[in-house]
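Chain by chain, the residues:
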Amino acid sequence: MGRLQGKIAIVTGGADGIGRAITEAFAQEGAHVFAADIADAKGEKLVAELKAKGLAADYQHCDVGVEADIRMLVEAVVTAGGRLDIIVNNAAIALGGMPIYDMTDEQWHRLININLTSVFRSCKYALPQMIRQRRGSIINMASVQAHLGFEGWTAYAAAKGAILAMSRQMAVEFGPHNVRVNSVSPGSIATPMYEQTVAEIGEQLGRAWVKMHPIGRIGKSAEVAEAMVYLASDAAGFTTGMDLRVDGGAAATPRFVPDLV
Ligand SMILES: NC(=O)c1ccc[n+]([C@@H]2O[C@H](COP(=O)([O-])OP(=O)(O)OC[C@H]3O[C@@H](n4cnc5c(N)ncnc54)[C@H](O)[C@@H]3O)[C@@H](O)[C@H]2O)c1
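Reading the values: the criteria
- Residues numbered from 1 in each chain as written.
- Predicted model: local features only at pLDDT ≥ 70, side-chain atom pairs only at ≥ 80, totals over all residues.
- Heavy atoms only, no water.
- Salt bridge = Lys/Arg side-chain N within 4 Å of Asp/Glu carboxyl O.
- Helix = DSSP H or I, 4+ residues; strand = E, 2+ residues; numbered from the N terminus.
- Buried < 20%, exposed > 50% of the residue type's maximum accessible area, 1.4 Å probe, protein only.
- Axes fitted to C-alpha atoms, helices over the stretch in contact; angles between N-to-C directions.
- Parallel < 35°, antiparallel > 145°, perpendicular 65-115°, else oblique.
- Left-handed = near helix turned anticlockwise from the far one by under 90°.
- Contact = heavy atoms within 4.5 Å.
- Nonpolar A, V, L, I, M, F, W, Y, C, P; charged D, E, K, R; others polar.
- Near = heavy atom within 4 Å.
- Polar contact = N/O pair within 3.5 Å; in protein donor to acceptor, adjacent residues only side chain to side chain.
- Areas by Shrake-Rupley, 256 points an atom, 1.4 Å probe, with all protein chains shown as cover.
- 1 Å grid on protein atoms, 1.4 Å probe; cavity = no way out; pocket = protein on both sides within 12 Å on 5 of 7 lines; lining within 4 Å.
- Sits in = over half its atoms within 2 Å of the grid points.
- Pairing = 2+ DSSP bridges.
- Points joined across faces, edges and corners; volume = space filled by probe spheres on them.
- Arc of directions from axis to C-beta.

Asks: Sorry, what's going on with the pattern of salt bridges here?
Replies: Pairing between side chains of opposite charge can happen when the charged atoms of each approach one another. Counted by the stated rule, this structure contains 13 salt bridges. Across the pair Glu 24 and Arg 20 runs a salt bridge whose closest N-O atoms are separated by 3.2 Å. Note that Glu 24 and Arg 20 are positioned in helix α1 (residues 17-28) at a spacing of 4 residues, about one turn of the helix. For Glu 24, a relative accessible area of 23% puts it in the partly exposed group.

Structure below.
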């Protein structure tokens, strides 16, 4: 029996990158997983592959930057599955690599909307259902950037730092309803987002980022997905208000990028 047997789960940004690995891992562990994304073709293809293996998966278009999309996502999943056990708020964009004074108001609001307000929205719509059923696990995707300073990523780090604070607050507030809220902070993980970021910042800084991880390499999406499976599962029934770092030790070291270039 899988570690998530019979659970109903949503993964935002579930069509590609780390989200895709989470969708796959949840389905393999027996959950009925709803991948929600704006990359419709990728999401549909992934779900078709999982269904062909006999796993339970569905795809739903959802732009996490749009409140109505998140409301409809939660409603559709609860209608189809009868409840909602797990929501992973994973979708985000990488917008940075610039000093804060070069960022426009529009860029700031876009990043905060997609990376942070989206988490507020999905918790707002998921929590009443989880409270009603007296059971739920919310897992919010943070980042090593919530723990360490990097040049050029102030807005992204502001969103990720706020996700840590939100997750702690909600863990305290909704623990009495048996709803657990945790976050995961990955280091650099090989995904389309990471490759795009390294292409923008340059090879040299990219190599320095690798060296920032004491384990000597960047991470794999499946390694983050494994942490998500644990936090989503009943094995973590007494774990809430926690940030689980999956960062190869990056946040444990005082090494700074410029020293390594
Ligand atoms: N890759 C890393 O090194 C790394 C490190 C730390 C934290 N993270 C975090 O992990 C999460 C996943 O990152 P990734 O590297 O897999 O990114 P990615 O860009 O490779 O994949 C992101 C997925 O989210 C989807 N998405 C983007 N905007 C969306 C929107 N508005 N609505 C719905 N879906 C949307 C994309 O279509 C894609 O499927 C993000 O929260 C990111 O901040 C990534």
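Asks: Would you mind going over the packing of α1 against helix α2 (residues 40-52) with me for this structure?
Replies: Between two packed helices, the angle of one axis relative to the other and the distance separating the axes together describe the packing. Put simply, α1 and α2 touch, their axes get as near as 11 Å, and they point 20 degrees apart. Between α1 and α2, the angle is such that the two are roughly parallel. In this structure, α1 meets α2 at a crossing whose hand is right-handed. Every residue of α2 that contacts α1 at Arg 20, Thr 23, Glu 24 and Ala 27 is listed here: Leu 46, Glu 49 and Leu 50. Broken down by class, the residue content of the contact of α1 with α2 amounts to 3 nonpolar, 1 polar and 3 charged.

Asks: Help me understand the site of the ligand in this model?
Replies: Neighbouring the ligand are 26 residues, the closest being Ile 18, Asp 37, Asn 90, Tyr 156 and Thr 191. Within the backbone of Asp 16, an N or O atom sits 3.3 Å from an oxygen atom of the ligand. The backbone of Ile 189 places a nitrogen or oxygen atom 2.8 Å from an oxygen atom of the ligand. When isolated, the ligand has an accessible area of 830 Å², and the protein chains bury 91% of it. If you map the ligand onto the pockets, it falls in the largest pocket. Listed by contribution, the elements that provide at least two residues to the shell around the ligand are α1, α5 (154-174) and α6 (192-201). A per-class count over the shell around the ligand returns 15 nonpolar, 7 polar and 4 charged.

Asks: I keep staring at the sheet that holds strand β5 (residues 136-141) and nothing clicks. Help me out?
Replies: Hydrogen bonds along the backbone pair up the strands of a sheet, which may run parallel or antiparallel. A sheet is described by the order of its strands in space; here 7 strands give the open sequence β3-β2-β1-β4-β5-β6-β7, paired in parallel fashion. Here the strands that pair on one side only, and so sit at the sheet edges, are β3 (57-61) and β7 (243-246). The sheet shows a mean angle of 20 degrees between the axes of neighbouring strands, taken without regard to direction. Of the strands in this sheet, β1 (8-12), β2 (32-37) and β3 are in contact with helix α3 (residues 67-81), which crosses β1 at around 155 degrees. Strands β5, β6 (179-186) and β7 of the sheet are contacted by α5, whose axis makes an angle of about 160 degrees with β6.

Asks: Teacher, can you tell me more about the packing of helix α4 (residues 105-133) against α5 here?
Replies: Taken N-terminus to C-terminus, the directions of α4 and α5 make an angle of 15 degrees; their axes are 9 Å apart at the nearest point. Between α4 and α5, the angle falls in the class roughly parallel. As α4 runs across α5, the sense of the crossing is right-handed. Contact with α4, carried on its side by Trp 108, Leu 111, Ile 112, Asn 115, Leu 116, Val 119, Phe 120, Cys 123, Leu 127 and Ile 131, involves Ala 155, Tyr 156, Ala 158, Ala 159, Ala 162, Ile 163, Met 166, Met 170 and Phe 174 of α5 and no other residues of that element.

Asks: Is there a simple way to think about the layout of surface pockets in this case?
Replies: If a probe the size of a water molecule is rolled over the atoms, the empty space left behind becomes visible. In this structure, the largest pocket spans a volume of roughly 1,000 Å³. In terms of lining, the largest pocket is formed by 42 residues, of which the most central are Ala 92, Ile 93, Ala 94, Thr 191 and Met 193. Elements with a contribution of two residues or more to the lining of the largest pocket: α1, β2, α5 and α6. It is α6 that provides the largest number of residues to the lining of the largest pocket, a total of 5 residues.

Asks: For this particular structure, what's the right way to read α6?
Replies: An α-helical segment advances 3.6 residues per turn. Residues three or four places apart therefore align on the same side. Residues of α6 that are buried include every one of Tyr 194, Thr 197 and Val 198, and no others. Summarising the axial view, the buried residues of α6 lie within an arc of 100 degrees, below the 170-degree limit, and thus occupy one face. Residues of α6 that are exposed and angled more than 90 degrees away from the buried face: Glu 195, Ala 199 and Glu 200. For α6, the secondary structure elements touched by its buried residues are α7 (203-211). Where α6 terminates, the next one or two residues include Gly 202, which has phi positive at roughly 105 degrees.

Asks: Teacher, can you tell me more about the environment of Tyr 156 here?
Replies: By the element assignment, Tyr 156 lies in helix α5. The exposure class of Tyr 156 is buried, given its relative accessible area of 8%. Between the C-alpha atom of Tyr 156 and that of Met 170, which follows or precedes it by 14 residues, the distance is 21 Å. When residues no more than four places from it in sequence are discounted, the contact partners of Tyr 156 are Ile 93, Ala 94, Leu 95, Leu 111, Asn 115, Ser 143, Gln 145 and Met 193.

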